[in-house]
2 protein chains.
Amino acid sequence: MSKKRDTIVETADRLFYREGFAATGIDRVVEAAEVALGTLYKHFQGRSALVVGALDHREATYFARLEEAAAGLEGPPRVLSLFDGLLAWAEAEGGNGCLFLRAAAAHPLDAEIRTRVRQHKARYLALCRRRLREAGWEATAARRLAPQIFLLLEGAVAAAAQLGDKMAVSQARRMAAELLQREPAPGNPRQ
Amino acid sequence: MSKKRDTIVETADRLFYREGFAATGIDRVVEAAEVALGTLYKHFQGRSALVVGALDHREATYFARLEEAAAGLEGPPRVLSLFDGLLAWAEAEGGNGCLFLRAAAAHPLDAEIRTRVRQHKARYLALCRRRLREAGWEATAARRLAPQIFLLLEGAVAAAAQLGDKMAVSQARRMAAELLQREPAPGNPRQ
DNA sequence: GGAAAAATAGAACGATCGTTCTATTTTGTC
DNA sequence: GACAAAATAGAACGATCGTTCTATTTTTCC
């Protein structure tokens, strides 16, 4: 819609993630986005709205990346591509943990932000379930397996956060592969 | 050593965890600890030193709790008690994620704090390895299994953080139990 | 019991930061 | 080319917060 708005949102997303919420103020975003302070306040009510905008941007781009990673895949690899998408993201932007959880930690009393965090995690879990179904698992099995896949994803993000340890992602992927192999989908009895 | 110092550290730990680093300033700690501002600055050089003090306190109390949970246990349960300790902690203090990771996120450029975070995670991983060895696994097996247990622990903490979802901890515990059962320790061939 | 040390209350400072405002310049459109 | 809308630079404000300082009171210890 607005080119300026997009620039601001992308810059805010990048800065918030790379340098943290505490370290990047409005001025910092304005400077990096090469935009005037007034322009930012024309598009966003205030800092809170800017953070929400950055989270929405991250939500869209991250899930888009996960769709790319799954393109053309079927069976268990379609589920495991969730880890490939995570790895690609960690390599591209450096594993600094989950932007949503960090936003919630940095703005503890902001209801709007907390809502986005919950939404993000709910959608992430729902995506795990959907992928399992697409890969051939029954609804009941998908409902049981999805939280386990989700837990491995969360563990990978958290473990990768502390030392840029990308190994944690492949570790989690291997564990997920074993998990899926142990109870194969009726639709894909052979891996 | 100093009673006042202990009170300050305990209060800071509790407030930082319950209300977040951004929301609890020096004044807030002083008020809750029922201590004068000058007393705090007599014991700590500044905010950064206070945060480090709180992290050290958390480190000590958390690992002590893990020791308690493992007392008297042998074999796989000795490893799984890591999850019991985590659950007890989550129920007592409410799962708000890992204090160390939150501290690092809130003070991105503080070298001292980043060091404590790395130390904490390294010790946690080392504890996983030690427990596996105590439970009868060989050194090579322990080195391979420890990161997997650690990943499940991190995943449980992160997943529990978003909705007070204590189920994530028991979920992770079940996954760890299966993991250990799949390749039993020579010293404890029967579970 | 009296001296030294610690603790207290509270004011004051300086810096940071989110936000608003104004005056000027640029951009887009008929 | 003119006019309206958007963008710009930059000053200014108010609030928060970490930190320092002073004067007074309490505690500790010989």
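Everything quoted here is computed from the prediction, not taken from an experiment.

Colleague: Provide a residue-level description of the relation of the copies chain A and chain B, including the pertinent values.
Modeller: Structural alignment of chain A on chain B gives an RMSD of 0.0 Å, achieved by rotating through 180 degrees and translating 0.0 Å along the axis. Both copies are brought into coincidence by an operation consistent with a two-fold rotation axis. By C-alpha distance to the rotation axis, the residue of chain A lying nearest is A:Gly155, at 1.7 Å. Of all interface residues in chain A, 100% are interface residues in chain B too; the two copies therefore contact each other through one and the same surface.

Colleague: Provide a residue-level description of the nonpolar core, including the pertinent values.
Modeller: Of all hydrophobic cores here, the largest spans 124 residues; its most connected members are A:Ile149 and B:Ile149. When near neighbours in sequence (up to four residues on either side) are disregarded, A:Ile149 contacts A:Val79, A:Leu82, A:Phe83, A:Cys128, A:Ala176, A:Leu179 and A:Leu180.

Colleague: Before we move on, can you summarise the pattern of salt bridges with the specific residues and values?
Modeller: Under the criterion given, the structure shown has 31 salt bridges over all chains. When the shortest N-O distance is used, the salt bridge between A:Glu134 and A:Arg130 registers 2.9 Å. Residue A:Glu134 and its partner A:Arg130 are both found in helix H7 (residues 111–134); the two are separated by four residues, about one turn of the helix. A salt bridge links B:Arg130 to B:Glu67; the shortest N-O distance between them is 3.3 Å. Of the two residues, B:Arg130 sits in helix H7 (residues 111–134) while B:Glu67 sits in helix H4 (residues 47–70), which places them 63 residues apart along the sequence. The class for B:Arg130 is partly exposed, based on a relative accessible area of 39%. The network of salt bridges with shared partners includes A:Glu67, A:Arg78, A:Arg130, A:Arg131 and A:Glu134.

Colleague: Tell me what's going on with helix H5 (residues 76–93) of chain A, and back it up with residues and numbers.
Modeller: Residues and elements named next belong to chain A. Taking 1.5 Å as the rise per residue, H5 with 18 residues should run 26 Å; its terminal C-alpha atoms sit 26 Å apart, in good agreement. Its maximal kink placed at leucine 82, H5 deviates by approximately 30 degrees. By the burial criterion, the buried members of H5 are Pro76, Arg78, Val79, Leu80, Ser81, Leu82, Phe83, Gly85, Leu86, Trp89 and Ala90. Glycine 94 occupies a position one or two residues after H5 and carries a positive phi of about 75 degrees.

Colleague: Which residues make up the protein's contact with DNA strand C, and what values do they have?
Modeller: Taken together, A:Gly25, A:Ile26, A:Leu37, A:Tyr41, A:Gly46, A:Arg47, B:Lys4, B:Glu34, B:Val35, B:Ala36, B:Thr39 and B:Lys42 make up all the residues around DNA strand C. Restricting attention to atoms of DNA strand C within 4 Å of the protein, one finds that 75% of them are sugar or phosphate atoms. Interatomic distance of 2.9 Å between a side-chain N/O atom of A:Tyr41 and a phosphate oxygen of DNA strand C. In this structure, B:Thr39 approaches DNA strand C through a side-chain N or O atom, which is 2.7 Å from a phosphate oxygen. Only helix H3 (37–43) of chain A together with helix H3 (37–43) of chain B provide two or more residues apiece to the surface near DNA strand C. Residues of the surface near DNA strand C, tallied by class, amount to five nonpolar, three polar and four charged.

Colleague: Requested: an account of the interface of chain A and chain B, with residues and values cited.
Modeller: Counting residues at the interface gives 28 residues for chain A and 28 residues for chain B. With both sides pooled, the region where chain A packs onto chain B buries about 2,300 Å², and carbon together with sulfur makes up 68% of that total. The largest contributions to the chain A side of the interface with chain B come from A:Leu151, A:Gln162 and A:Met175, which together make up 26% of the buried area. For the pair chain A and chain B, the number of links is two salt bridges.

Colleague: Could you give an account of the packing of helix H6 (residues 99–106) of chain A against H7(A), with specific residues and numbers?
Modeller: All names here are of chain A. In contact at an axis separation of 9 Å, H6 and H7 are set at 155 degrees when each is read in the N-to-C sense. By the angle class used here, H6 and H7 are roughly antiparallel. H7 is crossed by H6, and the crossing has left-handed handedness. For the pair H6 and H7, contact is made by Phe100, Leu101, Ala103 and Ala104 and by Ile113, Arg114, Arg116, Val117, His120 and Lys121, respectively.

Colleague: Residue-level account of the protein's contact with DNA strand D, with values.
Modeller: The environment of DNA strand D is made up of A:Lys4, A:Glu34, A:Val35, A:Ala36, A:Thr39, A:Lys42, B:Gly25, B:Ile26, B:Leu37, B:Tyr41, B:Gly46 and B:Arg47. When the atoms of DNA strand D within 4 Å of the protein are grouped by moiety, sugar and phosphate amount to 78% of the total. For DNA strand D, a phosphate oxygen lies 2.6 Å from a polar atom in the side chain of A:Thr39. A distance of 2.8 Å is found between a phosphate oxygen of DNA strand D and a backbone nitrogen or oxygen belonging to B:Arg47. Sorting the residues of the surface near DNA strand D by element identifies H3 of chain A together with H3 of chain B as the ones contributing at least two each. In terms of residue class, the surface near DNA strand D is built from five nonpolar, three polar and four charged.

The rules behind each value
Residues numbered from 1 in each chain as written. Chains lettered and ligands numbered in written order. Predicted model: local features only at pLDDT ≥ 70, side-chain atom pairs only at ≥ 80, totals over all residues. Heavy atoms only, no water. Least-squares fit on C-alpha atoms with pLDDT ≥ 70 in both. Contact = heavy atoms within 4.5 Å. Core = buried A, V, L, I, M, F, W, Y, C linked by side-chain atoms within 4.5 Å. Buried < 20%, exposed > 50% of the residue type's maximum accessible area, 1.4 Å probe, protein only. Salt bridge = Lys/Arg side-chain N within 4 Å of Asp/Glu carboxyl O. Helix = DSSP H or I, 4+ residues; strand = E, 2+ residues; numbered from the N terminus. Expected span 1.5 Å × (residues − 1). Bend = angle between axes of the 7 residues up to and from the residue. Near = heavy atom within 4 Å. Polar contact = N/O pair within 3.5 Å; in protein donor to acceptor, adjacent residues only side chain to side chain. Nonpolar A, V, L, I, M, F, W, Y, C, P; charged D, E, K, R; others polar. Buried area = accessible area lost by both parts, 1.4 Å probe. Axes fitted to C-alpha atoms, helices over the stretch in contact; angles between N-to-C directions. Parallel < 35°, antiparallel > 145°, perpendicular 65-115°, else oblique. Left-handed = near helix turned anticlockwise from the far one by under 90°.

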